Amino acid sequence: MAADKIRMGVIGANIHRGWAPRSHLPAIAASPDFELTAVCTTRPESAEESAKAFGARLAFHDYREMLAHPDIDAVAVVLRVPAHHQHTMDAINAGKHIFTEWPLGRTLAEAQEMAELARAKNVWHLVGLQARLNPAIMHMKALVESGYVGDVMSCHVSVIRDGVLQRMSDRTWQRDDDLGATTLTIPFGHTVDAFCYVVGNFSHVASVVSTQAKQWLETDTQKMLDVTGPDNVLVSGRLANGAVASVHIAANPWAGSGYRMEVYGREGTLVASGGNSPQLGDVRLQGAKAGDKTLHDIDIPAEYIYVPEDMPKGEPYNVGQMYAEFGRAIRSGGACHPDFDDAVALHRLIDTVRAASDQGRELAVPG
């Protein structure tokens, strides 16, 4: 490996489960900017297995030992949401640049604390909102800003995914709304972040946040478990630029309809679509200018593709885009987005959506 690569450690690198083996580990392996120097899991056996599978030099089962190692420049925290806060705070205090998965924290307060410490310790910080770096989403944003649709009048985004009615016991923890990993925080969070990135922020929202599947079957114990995490989120509101906007994010049995974002302006229309949430895979971009009633495919310019040709497609691809952004910022000393402050703003929007639903009235979104 090249000596000038940024030396990366991944916390939560078990190759048999979770998000890291599906995205972070293959993305780092294909990255020209990073070396996968270390992996950390909760057991020595699984840490060694992960290191062997992905070519890491070092394997740890105590993340504090990894943070203390001088050969680590940056750390990725790829764990269950409740563990993000402690591991991230410890990494920042160790002076490591930090890439923490979304949701940044279990609560807004946790996210704010992490953002404040990262600024105070002067480390680069990135949050895993990789839909923003999907090349089609970046080009869509540029087209809106350049006037392709003119003044935005209305816009809509929806993701209808296959729902959950049963799970193994190692996954049923996500039924608990207090643990921070629900349809509201994850699919809604990723999708609405990319939506606002393209069309602008909400100024006011009205919403319905609902749990439609109120029990799950835990398949290995055959127990029915109560569910408090929401699975349907409906938002209507107005953007700061005056456009009206709506969002529907849902996990409904059985077959979902995928992803679709529509932007309608005085001069044209843009539509992004895909089979899943925009952070997870390819997005097709189409457009029509004034007078044309047919959508046409829009090619994505090479300037929005940050990763090498051998970056795996699917879930690693947009995460690879994130690592390219992270590496550029660390080397250049420039801004790095989406960062922890972006995550705090998204946590604040999600809290406002929840409060608007609870109170049954439209609320202003804090700036």
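Anything mentioned here points back to the structure above.
In this report, the structure presented in the accompanying data block is examined. (Residues numbered from 1 in each chain as written. Predicted model: local features only at pLDDT ≥ 70, side-chain atom pairs only at ≥ 80, totals over all residues. Heavy atoms only, no water.)

Some points on the state of the cysteines
Rules: By definition, disulfides here are pairs of cysteine sulfur atoms that lie within 2.5 Å. Working definition: with a 1.4 Å probe on protein chains only, accessible area under 20% of the residue-type maximum means buried, over 50% means exposed, and in between means partly exposed.
Under the criterion given, the structure shown has 0 disulfides. For the unlinked cysteine C155, the closest cysteine sulfur is that of C196, found at 8.7 Å. The exposure class assigned to C155 is buried, which follows from its relative accessible area of 4%. As a non-bridged cysteine, C336 has C196 as the owner of its nearest cysteine sulfur, 20 Å distant. The exposure class of C336 is buried, given its relative accessible area of 5%.

Looking at helix α1 (residues 20-30)
Rules: Here a strand is any run of E in DSSP of at least two residues, a helix any run of H or I of at least four, and the numbering for each starts at the N terminus. The contact rule is simple, with two residues in contact once any of their heavy atoms fall within 4.5 Å.
The buried count for α1 comes to 9 of 11 residues, which makes it a mostly enclosed element. All of the buried residues along α1 are A20, P21, S23, H24, L25, P26, A27, I28 and A30. Buried residues along α1 sit in contact with β1 (6-11), β2 (34-40), α2 (44-54), β4 (74-77), β5 (97-101) and α8 (315-332).

Structural notes on the sheet that holds β4
Going by this rule: Two strands form a pair only when DSSP identifies at least two bridges running between them. Helix axes are fitted to C-alpha atoms over the stretch in contact, other axes to C-alpha atoms as well, and angles between N-to-C directions run from 0 to 180 degrees.
The strand order across the open sheet built from 6 strands is β3-β2-β1-β4-β5-β6, with neighbouring strands paired in parallel fashion. The open sheet has two free edges, formed respectively by β3 (58-60) and β6 (125-128), since each of these has just one partner strand. Between one strand and the next, the sheet's axes are offset by a mean angle of 20°, whatever the strand orientation. Note: β2 against β3, 3 bridges, orientation parallel. Bridge pairing in β3 links V39 to A59. Across the face of the sheet, helix α4 (residues 84-93) comes into contact with β1, β4 and β5 while running at roughly 170° to β5.

So, the packing of α1 against α8
Rule in force here: What sets the label is the angle itself: under 35 degrees gives roughly parallel, over 145 gives roughly antiparallel, 65 to 115 gives roughly perpendicular, and the rest give oblique. A crossing counts as left-handed when the near helix is turned anticlockwise from the far one by less than a right angle, and as right-handed when that turn is clockwise. Three classes are used, and their members are as follows: Ala, Val, Leu, Ile, Met, Phe, Trp, Tyr, Cys and Pro are nonpolar, Asp, Glu, Lys and Arg are charged, and the others, Gly among them, are polar.
Between α1 and α8, the least distance of the axes is 8 Å, while the angle of their chain directions is 55°. The angle between α1 and α8 falls in the class oblique. Note that α1 runs across α8; the crossing there is right-handed. In this structure, α1 contributes R22, S23, H24, P26, A27 and I28 to the contact, and α8 contributes E315, P316, V319, G320 and Y323. For the contact of α1 with α8, the residue count by class is 6 nonpolar, 3 polar and 2 charged.

Regarding the layout of surface pockets
Heads up, the condition is: Buried and open spaces are told apart on a 1 Å grid over the protein atoms alone, a cavity being a set of points where a 1.4 Å probe fits but cannot get out and a pocket being an open set with protein on both sides within 12 Å along at least five of seven lines. Residues with an atom within 4 Å of a point are the lining residues. Grid points are joined across faces, edges and corners, and a volume is the space filled by probe spheres set on the points.
In this model, the second largest pocket occupies a volume close to 330 Å³. Along the wall of the second largest pocket there are 16 residues; nearest its centre are C196, N201, A345, L346 and L349. Sorting the residues of the lining of the second largest pocket by element identifies α7 (187-199) and α9 (340-359) as the ones contributing at least two each. No other element matches the 5 residues that α9 contributes to the lining of the second largest pocket.

Remarks on the packing of aromatic side chains
Basically, it comes down to this: Side-chain rings of Phe, Tyr and Trp (the six-membered ring for Trp) are treated as a pair once their centres are within 6.5 Å; stacked means planes under 30 degrees apart, edge-to-face means over 60, and tilted covers the remaining angles. Put simply, a charge is over a ring when the Lys NZ or the Arg CZ is close to the ring centre, within 6 Å, and near the line of the ring normal, within 35 degrees.
Per the counting criterion, the structure on display carries 5 aromatic pairs. Taken together, a centroid distance of 5.9 Å and an interplanar angle of 20° make the contact between F34 and F326 stacked. Placement of F34 in strand β2 and of F326 in helix α8 is noted, with a sequence separation of 292 residues between them. Of the residues examined, F326 reaches a relative accessible area of 0% and is grouped as buried. Each ring, one from F195 and one from F202, has its centre 6.2 Å from the other, and the planes form 45°; the classification is tilted. Note on accessibility: F195 and F202 belong to one class, buried. Three or more aromatic residues joined by ring pairs make a cluster, and in this case those are F34, F99, Y323 and F326. Looking at K141, its charged tip hangs above the ring of Y197, at a distance of 4.5 Å from the centre. The positively charged end of K289 is found above the aromatic ring belonging to Y148, 4.7 Å away from the centroid.

Let's talk about the sheet that holds strand β14 (residues 258-265)
Judged by pairing direction, the sheet is mixed, and its 9 strands sit side by side in the order β17-β16-β15-β14-β7-β13-β12-β9-β18 without closing on themselves. For this open sheet the edge positions go to β17 (296-297) and β18 (363-364), each flanked by a neighbour on one side alone.

All quantities given are derived from atomic positions and should not be read as evidence of function.
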